[in-house]
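Residues per chain are reported as follows:
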Amino acid sequence: MEKNYHVCTGCGLLCDDIEVESEKNIVNKVYTACRVGVAHMKEARRAEADFLVDNKPVDEDTATREAASILKNARNPLIFGLGTSTNETQKIAIELAKKINATLDDTSSFCLGPLVEALIQDKLKTCTLDDIRNKADVIIYWGTDPSDSHPRQLSKHTYFPRGSEKQRGWEEERTAIAIDVRKSHTAKICGNYFFQIPPKGDAEFIDALIAGLSGKLPKTSYNYPPKKLLELANILKGAKFGVIFVGRGLIYSLENLEPLFKLMKILNEKSNFHLIPMVGNCNTMGFNKNLFAETGYVNSIKFENGTVKHGPEYSVVESLKAKTVDAALVIGSDPLLILPGSIAKNMLEIPVISVDHCETLTSKHSKVYINTAISGVEAGGSAIRMDGVKVSFEPVIETNHPSEEVILKKIMEAL
Amino acid sequence: MTNAMELYQMLPKTNCKKCGKTSCMAFAVALMAHELTPEDCPPLKDEPKYKENYEKISEIFKPSEGATETGLIVHEDLCFGCGNCVVACPPNVANDPYGVGSGNAPRNVNKLVLTVENGIVKAQNLGECRRFGKNKILCNGCIVTCPVEAIEFV
Ligand code: SF4
Ligand code: SF4
Ligand code: SF4
């Protein structure tokens, strides 16, 4: 029986096997999705107003015209967000940024951006989640807790499912390992294969692991038991198809990616290892890929009369800190909430346009607010899964809210 | 929950074999496995001197509210629908290898013990559960794979 499956855009996993029962464009029942996905489909908080200028209700045309005029009058506008937008929306946003000489960035500049860039540039070996389901025997979660952030990852792709070359089940054929500073929910599942390290201890742990892999005595300043490290090294050496899922915990603890490159190099001399970044939002990967295809960079860029400038000074954090941007178009993100207060407060001094399906701290402080359809629930399109696979989706229910894509096109036209 | 040793301490310890087991310790183990119930021990049930212990043990094995025929309860407030238990449950895998057994949505829900609905695990078809019926075994597939201890057997 062919079933009508929907895609969940609740996280970077983009689960494509969700059944939904709905009536009169209200989702009643959701099958197979995790609780995060269900909340995303059923309870996504809606703002009351559709379009606001200076907190007063207006019509769509007035709102888009006001947005266009703010962007036109700005010397260096910032476009930020887009992590939950479709590829189609992101491409229009890039066009828009080009047209108005904007600074363009997303959350990856303070999350996993450098790692994603290295992967897009083929500097690290990667694979798909489907490869992992079919083949992986050693799965490492490093500085990340998918049980909280990507709830279905272990059950749908990595540890528990049967795959074409993994027919006998997880107890016999797979080993899941967690390396983290705290005993997370995922670490709990990993049982004896949880390796707890002190905060900022990752680089040393990698060095020690490399020593262990090369047959030397693994030493750390925090006296991690060499026996346990050697045990880990042996499991990794014996892997036929290994994968490391890298989370923010690891990236924040490293000064640069060098230790990770070294580890992947030796792992691939001794066995066979792949790396996948634990991208949280449903289409941050898409933003990074789409921007890279257009400019050669994954984030933190500024367009200037047809040329592209890139550097940390064009990241959302640095450009707000240095007050180099004088207006902001925020799409599907809440920088006032997620950025450090000292930086976010500079946003209160410039006119902000917030395009979002829910009311956020940022939207409340915006000059223009536009309430859009929820990508993946009320608007269709495509997104890139955390492993780089493109997933297309149709809307689950209908809405009379315009999609982000339509709004950005209208703003472009009004310029 | 109690262990077999603690139960044993509350039994008559006479090894009278009236329950059909060879010793009171064996009866304690059978209690733990939900194979027998406290009433299956005649002296415990009938003799006044064991009354207090009988009540205590009965209290332990009282079918709890919300428990299913196999004693499975889902703590709905804890479960977040990760599906680990669904995919790891042996009868689920055997009955739907390419659906839930491969991590996907169910292809055939008729014989599935565990599925996820509205983000929370739901138990049904308990006749398929390995803890059900005469040949039951102490399967713990759904317990050890849950990150938050949302499934419990009472
Ligand atoms: S794991 Fe992510 S994509 Fe899958 S159902 Fe949950 S929120 Fe949705
Ligand atoms: S006890 Fe075993 S068979 Fe029963 S629901 Fe749990 S995993 Fe499935
Ligand atoms: S009971 Fe536990 S393992 Fe099963 S879906 Fe709920 S949280 Fe996941």
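The rules behind the values
- Residues numbered from 1 in each chain as written.
- Chains lettered and ligands numbered in written order.
- Predicted model: local features only at pLDDT ≥ 70, side-chain atom pairs only at ≥ 80, totals over all residues.
- Heavy atoms only, no water.
- Helix = DSSP H or I, 4+ residues; strand = E, 2+ residues; numbered from the N terminus.
- Buried < 20%, exposed > 50% of the residue type's maximum accessible area, 1.4 Å probe, protein only.
- Contact = heavy atoms within 4.5 Å.
- Near = heavy atom within 4 Å.
- Expected span 1.5 Å × (residues − 1).
- Arc of directions from axis to C-beta.
- Domains from an automatic or database assignment.
- Buried area = accessible area lost by both parts, 1.4 Å probe.
- Salt bridge = Lys/Arg side-chain N within 4 Å of Asp/Glu carboxyl O.
- Polar contact = N/O pair within 3.5 Å; in protein donor to acceptor, adjacent residues only side chain to side chain.

Chemist: It is not clear to me how the side chain of B:Thr145 should be interpreted in this structure. Could you clarify?
Modeler: In this fold, B:Thr145 is placed in the loop between helix 7 (141-144) and strand 4 (151-153). Classification of B:Thr145 as buried rests on a relative accessible area of 1%. Sequence-distant contacts of B:Thr145, defined by excluding residues within four places in its chain, comprise A:Phe160, A:Trp170, A:Ile189, B:Asn84, B:Cys85 and B:Ala88.

Chemist: In this structure, what is going on with the site of ligand 2? I would like to understand it.
Modeler: Taken together, B:Cys89, B:Pro90, B:Pro91, B:Val113, B:Leu114, B:Cys129, B:Arg130, B:Arg131, B:Cys139, B:Gly141, B:Cys142 and B:Phe153 make up the full set of residues near ligand 2. Contributing elements (two or more residues each) for the shell around ligand 2: helix 6 (90-95) and helix 7 of chain B.

Chemist: Please clarify how helix 11 (residues 226-237) of chain A should be interpreted in this entry.
Modeler: Helical geometry: 3.6 residues make up each α-helical turn, so side chains three or four residues apart lie on a common side. Residues and elements named next belong to chain A. For helix 11, which comprises 12 residues, the first-to-last C-alpha distance of 16 Å matches the rise-based estimate of 16 Å (1.5 Å per residue) to within 8%. Among the residues making up helix 11, those that are buried are Leu-229, Leu-232, Ala-233, Ile-235 and Leu-236. The arc enclosing the buried residues of helix 11, seen along the axis, measures out at 160°, which places them on a common side.

Chemist: Any chance you could explain the domain arrangement of chain B here in plain terms?
Modeler: Many descriptions give the size of an interface as the accessible area lost when the pieces come together. Partitioning chain B into domains gives domain 1 (4-61) and domain 2 (72-153). Summarising the inter-unit geometry, the C-alpha centres of domain 1 of chain B and domain 2 of chain B are found 31 Å apart.

Chemist: Would you mind showing me how to read the interface of chain B and chain A here?
Modeler: Chain B puts 29 residues into the contact, and the matching count from chain A is 27 residues. Roughly 2,200 Å² of surface becomes buried between chain B and chain A when both sides are summed, with 49% attributable to carbon and sulfur atoms. The largest share of the area that chain B buries against chain A comes from B:Phe80, B:Asn118 and B:Pro147, three residues that together contribute 23% of it. Put simply, chain B and chain A have 2 salt bridges between them. Between B:Glu149 and A:Lys188 there is a salt bridge; the shortest N-O distance is 3.4 Å. Joining chain B to chain A, the criterion identifies 15 residue pairs in polar contact (both at pLDDT 80 or more). At the level of secondary structure, the elements contributing two or more residues to the side of chain B that touches chain A comprise helix 5 (84-88) and strand 2 (114-117) of chain B. Per element, the largest residue contribution to the side of chain B that touches chain A is 3 residues, and it comes from helix 5 of chain B.

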